[in-house]
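Structural overview for review
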Amino acid sequence: MDTVPIVFSIKTTPKETLEKWFRLMTLGRAIDEKAPNYLKQAIGWSYHAPYAGHDGIQLAIGQIFEKEVDHIFLYYRDLLTAMSCGLTAEEIILNGISKATDLSSGGRHMSNHFAKIPWNIHNVSSLTGNHTLHAVGVARAIKYYGQKAVAISVQGESSLSEGFVYEAINGASKEKLPVIFAIQDNGYGISVPKKDQTANRKVANNFTGFKNLRIIHCNGKDVFESMNAMHEAKKHALETGMPVMVQANCIRMHSHSNSDRHELYRSEEERNYAQEYDPLAKYKRMLVRYNRFTNEEIIAIENESKIELKEAHKKALKAPDPDPNTYLDFVLPEPHKPLKYVDGTHHEEGEKKKLITALNETLKAEFRNNPDTFMWGQDMANKDKGGIFNVSKGLQQEFGPKRVFNAPIAEDFIVGTANGMSRYDEKIRIVIEGAEFADYFWPAMEQYVDSSHDFWRSNGQFTPNVTIRLASGGYIGGGIYHSQNIEGALTSIPGVRIVYPSFADDAAGLLRTAIRSRGMTMFMEPKALYNDPKAATVIPDDFEVPFGKARIRRNGEDLVMITYGNTTHMCLEAAEKLSKEGSSVEVIDLRSLVPLDKETILNSIKRIGKVMVVHEDKVHSGFGAEITSVIMEEAFEYLDCPVKRVGSSFTPVGFHRSFERMILPNTEKIYIAAKEVLAY
Amino acid sequence: MNKTGIFYSFNSKKTAKAAEKIIEEFGADFKIVPVNAEELTEELFLSFTNLILGVPTWFDGELPNYWDEFVPALEDLDLKGKTIAIYGLGNQVEYPENFGDAVGTMVNLVKQRGAKVIGSTTIEGYTYESSKAELDGKFVGLLLDQETQPRLSKERIANWVADLKTQFK
């Protein structure tokens, strides 16, 4: 068991410090106890997870946090931690009752999720412990930029059951990062006792095998033990740059939240026992017993806290409610707008380059252009290998292992630490290979979804500046996990731009725009086209393609095919074949799925009247379903026949080439479907 | 005979019951003064030469609040000349990682202040993973498990008291 030096004790701690702590604890507890009343009076605070019983450790975590220097990620029970970090009673109540002036989210995010982003008290989601990855990510930046600071991830012990928490701790251990994992152990995950979570009651000891990780246990109900533990944790992280885990034993004096009733699963004896353990009562007794405060002084402070709470309550009630008409604000930040290539086209002549070359050279150019760019992923950089398909070849050699490096085989870690690192500074731009192949991306979905609503959830205060590259699609005989598409599922999630180029120049231009933009972009790469001469084009050195701008790759009069990715080329081949038979087919390459260029689509339909929607992903609920619905709603009267969709079958993609031919669309299938439409 | 006191929380149930059994086992000829540990003062503590402390283990290996709050006072006391024996309740099945830790913690504290600690017991018959109360293959006090081994407590108390009787002066 790790022991820590005693820096704080009842006898030696200065009286003004003891008083500051007592004021925080008294006021915090008063708010904690008042919070349910707001719900009873239908004012708000419909989610409240009382912190009573965690008082010692929450006070201590906040006390070691240095605002605007350290970074802290609180969880939904951290009311006192937030106050100990410096939030006022009014700021706490504004969050509780979801006012427009709530610092965390302006009423957009759940109550009891406290944040103050300018101070580096980050806005976190409700997914327990997934901010552990963000803390590790921001610590990577702290280390890279050489700042004397720590990242603090605060969470309950049940969150250690989550796989992504393991990934985060593994990463901090491997990269030797100054992260403090502050674990508040109250023995329950809602109603689930610890014995149903893990075999080890001392859950932090599940991580004793990790190198470079120091583990400290403390009594989180005791102010002095908690202060000594957190003080030592920070000292260690600052001095060594290594991670520390502090497991603080707490007691949950009340139910998990106001939607829980702990009397359903905790005996009366246990509930009484929990009350007896009250850390605030203990601290108060100690102050008096050791003659640091008189009873009169204690009562005076308690009375002052009541007055302070009353005033904060009055001010918070007068604050404006959020304006629901702002609901469309902050879904995505404004992207970088190309000035030279306004519509994302060019007339450059010269040597054609392959799609893979386009990506590689654009990455290098952007990394030269911006020194605050970073890239990581699986198989990213090991000697001459640069990415599973060598897209990133040579980048580590040129930009060094601190900017371009391998990630563990942990997709969620790859995305989550990108989110975290980009919190350090607005200027940072991160490119990640989200997974080896697109359909290996599913383990990262929780971070993808979480990141997708960061901008909205924080009321426009934070957006992860991350470009996720994914090698997508089939035609390589890869089968499940190697030859499938996932964009149909991703496009249903707001808050991320999704692009899927078909040609080298568009790939280069979209990648440059993505890297230069604020916000998150999913960059799908049709891997079958990396080295295919038909995707090769001439590329201007500074080419940029704006988001939401489709490109008409072939003009026509009889039928328009709307497509993207691999099937763009198949549509062009089918169109060429049909032209020899006397039909004129237009081919629109969408390039961007989100945002979608409805204007180009609708203009073509109004002119042509017959339309096909073609993509490699499944017809069933694929992105074509959305395009078709848009057409039906906004251009029905211009249609000469039903919209025809072509895509893959509602099955997995089989491994044997014959399965692939049967399941995926191809030029012949598109041609046959086009003949039907033209004949309608 | 020097003054002997048994210190435990009068509000506790199992620890108090064990105290009563210990007193009973000592018999009427051996006067033992019960003291409420929740109202302990330094003066009261020092007024005894022989002390029996009832220190149950709370939660994951912690001292109960009433003992924990006395620790800063204890750290300043001179306990030379005191003979102290400590018993405590624990649960070796649900808390095997810290069975009876509070007994070990308290023994260390009083030893550091110069007290002579008596009443070590065998670890045989218990099943646990680790305990701060274990030193050199023995428990440094009496560990009682009323949750999972209630029938063994009577004999354990009897054996322990028999040993204490020979050592208290």
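Residues numbered from 1 in each chain as written. Chains lettered and ligands numbered in written order. Predicted model: local features only at pLDDT ≥ 70, side-chain atom pairs only at ≥ 80, totals over all residues.

What about the overall build of chain A?
From N to C terminus, chain A includes 22 helices and 20 strands. Relative to the compact-globule value of 26 Å for 680 residues, chain A shows a C-alpha radius of gyration of 28 Å, a close match. Summarising its shape, the C-alpha atoms of chain A cover approximately 100 × 55 × 45 Å along the three principal directions. In chain A, the proportion of contacts linking residues at least 24 apart, taken out of those at least 6 apart, comes to 79%. (Helix = DSSP H or I, 4+ residues; strand = E, 2+ residues; numbered from the N terminus. Rg over C-alpha atoms; globule rule 2.2 N^0.38 Å. Contact = placed C-beta atoms within 7 Å.)

A few points about the overall build of chain B
On a plain count of helices and strands, chain B comes out with six helices and nine strands. For chain B, whose C-alpha radius of gyration is 14 Å, the value lies close to the compact-globule estimate of 15 Å for 169 residues. Principal axes of the C-alpha set define a box for chain B whose edges measure 40 × 35 × 30 Å. Relative to its full complement of 169 residues, chain B shows a buried share of 46%. (Buried ≥ 20, exposed ≤ 12 C-beta atoms within 10 Å, placed from the backbone.)

Observations concerning the nonpolar core
Ranked by internal contacts, the top residues of the largest apolar core, which has 197 residues, are I152, V246 and M561 of chain A. Those residues in contact with M561 of chain A, other than ones at most four positions away along the chain, are C571, A575, V585, E586, V587, I588, M612 and V614 of chain A. Y8, F59, L89 and V140 of chain B belong to the second-largest nonpolar core, a separate cluster that totals 46 residues. (Core = buried A, V, L, I, M, F, W, Y, C linked by C-beta atoms within 7 Å.)

Details of unusual backbone geometry
Across the chain, the bulk of peptide bonds are trans and the bulk of non-glycine residues have phi less than zero. Residues and elements named next belong to chain A. The omega angle of the peptide bond from V594 to P595 is 0°, so this bond is cis rather than trans. One non-glycine residue, F330, lies in the positive phi region at around 65°. For F330, a count of 22 C-beta atoms within 10 Å puts it in the buried group. Here the phi dihedral of K383 falls at roughly 55°; this positive angle occurs in a residue that is not glycine. Its location among the elements puts K383 in the loop between strand 9 (373-377) and helix 12 (395-399). By C-beta crowding, K383 is classed as exposed, having 7 other C-beta atoms within 10 Å.

Some thoughts on the sheet that holds strand 6 (residues 121-122) of chain B
Residue and element names in this part refer to chain B. Ordered by their spatial adjacency, three strands build an open sheet running 6-8-7, and the pairing between neighbours is antiparallel. For this open sheet the edge positions go to strand 6 and strand 7 (134-135), each flanked by a neighbour on one side alone. As judged from the two bridges shared by strand 7 and strand 8 (residues 138-139), these two strands associate in the antiparallel manner. Looking at the pairing, E134 lines up with F139 of strand 8. (Pairing = 2+ DSSP bridges.)

As for the domain arrangement of chain A
Domain assignment breaks chain A into domain 1 (15-317), domain 2 (355-535) and domain 3 (551-679). Relative to domain 3 of chain A, the C-alpha centre of domain 1 of chain A lies at a distance of 54 Å. (Domains from an automatic or database assignment.)

So, the packing of helix 2 (residues 55-64) of chain A against helix 7 (residues 223-240) of chain A
All names here are of chain A. Interaxial distance between helix 2 and helix 7 falls to 8 Å at its minimum, and their mutual angle equals 35°. Where helix 2 crosses over helix 7, the handedness of that crossing is right-handed. Together, G56, I57, L59, A60, I61, Q63 and I64 of helix 2 and V223, E225, S226, M227, A229, M230, H231 and K234 of helix 7 make up the contact between the two elements. When the residues that make up the contact of helix 2 with helix 7 are grouped by side-chain class, the tally is nine nonpolar, four polar and two charged. (Axes fitted to C-alpha atoms, helices over the stretch in contact; angles between N-to-C directions. Left-handed = near helix turned anticlockwise from the far one by under 90°. Nonpolar A, V, L, I, M, F, W, Y, C, P; charged D, E, K, R; others polar.)

Here's the deal with the environment of N36 of chain B
All names here are of chain B. Mapping N36 onto the fold places it in strand 2 (residues 33-36). Using a count of 15 C-beta atoms within 10 Å as the deciding quantity, one classes N36 as partly exposed. Along the chain, N36 and E129 lie 93 residues apart, while their C-alpha atoms are 32 Å from each other. Among residues more than four places away in sequence, those in contact with N36 are S9 and F10.

A look at the packing of helix 5 (residues 131-144) of chain A against helix 6 (residues 163-175) of chain A
Residue and element names in this part refer to chain A. Look at helix 5 against helix 6: their axes get within 8 Å of each other, and the N-to-C directions meet at 20°. Judged by the inter-axis angle, helix 5 sits roughly parallel to helix 6. In this structure, the crossing between helix 5 and helix 6 has a hand that is left-handed. Taken together, the residues of helix 6 that come into contact with helix 5 (itself represented by T132, L133, V136, A139 and R140) are F164, V165, E167, A168, G171, A172 and E175. Residues that form the contact of helix 5 with helix 6 fall into these classes: seven nonpolar, two polar and three charged. (Parallel < 35°, antiparallel > 145°, perpendicular 65-115°, else oblique.)

Points about the interface of chain B and chain A
In this complex, chain B contributes nine residues to the contact, which on the side of chain A involves 14 residues. Residues of the side of chain B that touches chain A, tallied by class, amount to three nonpolar, one polar and five charged.

Here's the deal with the sheet that holds strand 7 (residues 214-219) of chain A
Residue and element names in this part refer to chain A. With parallel pairing, the six strands of this open sheet are ordered in space as 2-1-3-4-8-7. Edge positions in the open sheet fall to strand 2 (121-122) and strand 7, since each of these has one partner strand only. The strands that helix 5 touches are strand 1 (71-73), strand 2, strand 3 (151-156) and strand 4 (179-185); relative to strand 3, the one it contacts most, it runs at about 170°. Of the strands in this sheet, strand 4, strand 7 and strand 8 (244-249) are in contact with helix 7, which crosses strand 7 at around 165°.

So, helix 18 (residues 566-580) of chain A
Residue and element names in this part refer to chain A. Along its 15 residues, helix 18 runs 23 Å from first to last C-alpha, staying within 8% of the 21 Å computed at 1.5 Å per residue. Lining the buried residues of helix 18 we find strand 14 (520-526), strand 15 (551-554), strand 16 (559-563), strand 17 (585-589), strand 19 (611-618) and helix 22 (667-679). Just downstream of helix 18 lies G582, where phi reads positive at about 100°. (Expected span 1.5 Å × (residues − 1).)

Points about the environment of K282 of chain A
By the secondary structure assignment, K282 of chain A is in helix 9 (residues 279-289). Separated by 306 residues in the primary sequence, K282 of chain A and I588 of chain A have C-alpha atoms spaced 71 Å apart. In contact with K282 of chain A, not counting residues within four places along its chain, are K221 of chain A together with N65 and E69 of chain B.

Some thoughts on the pairing of strand 8 of chain A
A regular strand carries its side chains on alternate faces of the sheet. Residues and elements named next belong to chain A. For strand 8, the buried fraction is high: six of the six residues fall into the buried class. Of the two faces of strand 8, the one carrying V244, V246 and A248 and the one carrying M245, Q247 and N249 are both buried. Alignment of strand 4 against strand 8, held across six bridges, turns out to be parallel. The residue bridging I180 from the neighbouring strand is V244, located in strand 8. Inspection of the sheet shows strand 7 paired to strand 8 by six bridges, in the parallel sense.

Some thoughts on the pairing of strand 16 of chain A
Residue and element names in this part refer to chain A. Burial of strand 16 is extensive: five of the five residues sit out of reach of the surface. Of the two faces of strand 16, the one carrying L559, M561 and T563 and the one carrying V560 and I562 are both buried. Where strand 16 lies against strand 17, five bridges are found, and the strand directions are parallel. Bridge assignment links I562 to a residue of strand 17, and that residue is I588. The β-α-β motif built from strand 16, the intervening helix 18 and the parallel element strand 17 has right-handed crossover chirality. Sheet topology note: the strand 16/strand 19 ladder contains four bridges and is parallel. (Right-handed = clockwise from strand over helix to strand, strands pointing away.)

A few points about helix 5 of chain A
Residues and elements named next belong to chain A. Here helix 5 spans 20 Å end to end across 14 residues, near enough to the 20 Å set by a 1.5 Å rise per residue. Counting buried residues in helix 5 gives 12 out of 14 residues, a clear majority hidden from the surface. Among the residues making up helix 5, those that are buried are H131, T132, L133, H134, A135, V136, G137, V138, A139, R140, A141 and I142. Once helix 5 ends, the next one or two residues include G146, with phi positive near 70°.

A closer look at the environment of A19 of chain B
All names here are of chain B. Its location among the elements puts A19 in helix 1 (residues 14-26). A sequence separation of 12 residues divides A19 from F7, and the C-alpha atoms of the two residues are 8.4 Å apart. With residues up to four places along the chain from it excluded, the contact list for A19 reads I6, Y8, P34 and G54.

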